Amino acid sequence: MRCNFVKSAAASAVAAALAVSGIVLGAASAQAETAPTLNVVALGDSYGSGTGAGDYLDGTGVTNGCWRSANSYSETLVAGLRAAGRQVTFTNATCSGAATSDLRREFKGAPPQLDALRSDTGLVFLSIGTNDIDFAAYGGLCIASDCSGAATQDELAKLPAMGQNVATLLSDIKARSPRARIVLTGYGSQLTAGENAADVPLDPICGPAYFTSQERIDGNQVSRALDLTLRRTARQAGVTFVSPYINSVDLDPAFAGHSLCESTEPYYRGFDALAPGQEGQEAVLHLNKTGQATLAGLVARRLHFGAEAQLA
């Protein structure tokens, strides 16, 4: 029952995004009746699977699981397309913890993600890159010790190789699905670079024992450099890039003010993920349900969902 509610809410979220984009769903539905079936594949890591967004699919929400959420941006977008009347086949192969190399091999008991691609795949969602640079370990170092200075420089030094890995992966995807439009998504800013917002309830992760002022600055430097590397790689490969950042410096208005420890609703999980019955440390610093829905809205606007000719 809860899953059905989530999918209904997800479809409504994308419908709202389409309306904001000036797309008339009635017209989209009429066009969808005669449009060919759209074959969609979602590939990638925990940000693509929706780790932290709840409502996990097919028993994936377990320790060392893939954590595929019914609230992930790809699931949300597909639900919206179907609600608009489009015939869609969808394979969600995403898996938490995946690096670029893991998409080519069996990972956590699942077949290689790239095996989900076919010659008639029309749209590929891809979230990848952070596990190539051990971003989770870097975040853990920030929380447990000190990630500023040398640790940050080490993280930045890993980005060129990550960019090459992503470029090679994009070439592999194109070879398997030459007709597909590929959408590479970014990660955004998990934690404010400034001081905690005053006089509002904050997640325990915002406590002074976990992130110093310098760690917040350095962590955001890594987040922006990660975004810039992915943005450049996408541009060079000729694929679509959608990110919570507008230009690798400024956040999109939809995400501005929604990092952890700011005055508005956070779009990322903090130590709330460590509470009993929650996902645990795998979900810390990941997009929550609202964050995934907001990312879905950015993708919907970028792809002009409803303009069926662009997706046929």
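The following refers to the structure shown. (Residues numbered from 1 in each chain as written. Predicted model: local features only at pLDDT ≥ 70, side-chain atom pairs only at ≥ 80, totals over all residues. Heavy atoms only, no water.)

Some details on helix α5 (residues 135–144)
- Listed in full, the buried residues belonging to α5 are Phe135, Tyr138, Gly139, Cys142 and Ile143. Projected onto a plane normal to the axis of α5, the buried residues spread over an arc of 140° and lie on a single side. Residues of α5 that are exposed and point more than 90 degrees away from the buried face comprise Ala136, Ala137 and Ala144.
- In this structure, the buried residues of α5 make contact with α6 (150–157) and α8 (213–237). (Buried < 20%, exposed > 50% of the residue type's maximum accessible area, 1.4 Å probe, protein only. Helix = DSSP H or I, 4+ residues; strand = E, 2+ residues; numbered from the N terminus. Arc of directions from axis to C-beta. Contact = heavy atoms within 4.5 Å.)

Some details on the state of the cysteines
- Summed over the entire model, instances satisfying the criterion amount to three disulfides.
- In this model, Cys142 is linked to Cys147 through a disulfide, with the two sulfur atoms separated by 1.9 Å. When the S-S torsion is 95°, as for the bridge of Cys142 with Cys147, the disulfide is right-handed. This pair shows no difference in class: Cys142 is buried, exactly as Cys147 is.
- Between the sulfur atoms of Cys206 and its disulfide partner Cys261 the distance amounts to 2.0 Å. Judged by the sign of its S-S torsion, about -100°, the cystine formed by Cys206 and Cys261 is left-handed. Of this pair, Cys206 sits in the loop between β4 (181–185) and α8 while Cys261 sits in the loop between β5 (240–242) and α9 (289–303), placing them 55 residues apart in sequence.
- Under the relative-accessibility criterion, Cys206 is labelled buried at 4%. (Disulfide = S-S within 2.5 Å.)

Considerations on the pattern of salt bridges
- Under the counting rule described, the total for this entry stands at nine salt bridges.
- Among the salt bridges present, the one from Asp227 reaches Arg231, with a minimum N-O distance of 2.8 Å. Of this pair, Asp227 and Arg231 both sit in helix α8, separated by four residues, roughly a single helical turn. Of the two residues, Asp227 and Arg231, neither departs from the other in class, the shared state being buried.
- Between Arg269 and Glu279 there is a salt bridge; the shortest N-O distance is 3.1 Å. Taken together, the residues Arg269 in the loop between β5 and α9 and Glu279 in the loop between β5 and α9 connect sequence positions 10 residues apart. (Salt bridge = Lys/Arg side-chain N within 4 Å of Asp/Glu carboxyl O.)

Worth remembering: the numbers are spatial, not functional.
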